[in-house]
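Descriptive analysis of the structure
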Amino acid sequence: MTTPMLRDRSARLAAPVSARRRALERSPSFRPSFRALGALAYEGARVSVAAVDLQSGQSVFAVDERIVLPTASIGKILLLIEVSARMTDRSLSEFSIVDRSMQDSVADSGLWQYLQAPALPLSDLAALVGSTSDNVATNALLRHIGLDAVRARTESLGLVRTALLDVVRESRGPDDAPQLSVGSTAELAWLFYALAHGHIIDPTTSQRVLGWLSLNTDLSMVASAFGRDPLAHRGVEHSTWMVNKTGCDAGVRSESGILRGPRGGLAYAVSVQFEERDLASRLRVLDALRVFGLDLLEFVH
């Protein structure tokens, strides 16, 4: 059954938006972020960003937040939500053993491809996805859960511009989805806002997903500005707390998360699609994402 919050959110998505670029007038502002991300757009990159106040739910900064861009591994959050929901309703046990199959094999991110264990409990696979965006664990979970179930859950949450499109592949042919996942930063920021308030299915499901994501070791983008230890940042440190998920592919950098501080909290999302001509072009994107992170930190701290 659709909750009132999800119905209200669907109505907001359908409503016309009068301004595509806006920032709440408050000190500190997001002017450095606007300049840094605007410079990327001037060079030809596609940029989308959204930041939402965790208390009021109001937008505090947004740039083209409703456009759909590739988000790489960000879409794995949707898989974790489906896994957590099934654990909550007890249709799936967290101790269920899932075998590693040859069809799951794929390189790049993750640890399971380097481990000797041929099978792991389902909850351990979710932890691997949350901590290292593990590709093999992702494919094993999708084989066990089903991509159609993840899509159905995504639609039930009212997400119309965000989706996990496929399993992780070494390469994508003409018959495959062109991207692993896509999304709008407006929806991704809302998703983390809803997780923070326990509104994704229920508080138990939401907190379990946040617990997996709190293990994330990738603080190379926005979160590089938060001053946290990439391998140990689950607790409160210097009056701040964070959780995030990143997506990285050739010409794609994306991050969504939550940052809390003594002055308040924000749910945020940013995606950049750019022509990765050389190392310098990648570094310019990472520098701009760090500027956005610094503005987030200044807002809450």
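**Examining the sheet that holds strand β8 (residues 181–183)**
The strand order across the open sheet built from three strands is β4-β8-β7, with neighbouring strands paired in antiparallel fashion. Two strands close off the open sheet at either side, each with one partner strand: β4 (69–70) and β7 (163–164). In the sheet, β4 pairs with β8 via two bridges, with the strands oriented antiparallel. The residue bridging Leu69 from the neighbouring strand is Gly183, located in β8.

**Topic: helix α2 (residues 31–42)**
In a regular helix each residue adds 1.5 Å, so twelve residues correspond to 16 Å; α2 covers 16 Å between its end C-alpha atoms and thus fits that length. Along α2, the positions that sit buried rather than exposed are Ser33, Ala36, Leu37 and Leu40. Angular distribution of buried residues about the axis of α2 spans 85°; they occupy a single face of the element. What points out from α2, more than 90 degrees from its buried face, is the exposed set Arg35 and Tyr42. Of the surrounding secondary structure, the elements contacted by the buried residues of α2 are β2 (46–53), β3 (59–63), β11 (264–273) and α9 (279–300).

**Focus: the pairing of β11**
Burial runs high along β11: eight of the ten residues are buried. In this sheet, β11 lies alongside β2 in antiparallel orientation, the contact comprising eight bridges. Its bridge partner being in β11, Ala50 is matched across the sheet by Ala269. Relative to β11, strand β10 (residues 252–261) is paired through ten bridges, and the arrangement is antiparallel.

Procedures and definitions
- Residues numbered from 1 in each chain as written.
- Predicted model: local features only at pLDDT ≥ 70, side-chain atom pairs only at ≥ 80, totals over all residues.
- Heavy atoms only, no water.
- Pairing = 2+ DSSP bridges.
- Helix = DSSP H or I, 4+ residues; strand = E, 2+ residues; numbered from the N terminus.
- Expected span 1.5 Å × (residues − 1).
- Buried < 20%, exposed > 50% of the residue type's maximum accessible area, 1.4 Å probe, protein only.
- Arc of directions from axis to C-beta.
- Contact = heavy atoms within 4.5 Å.

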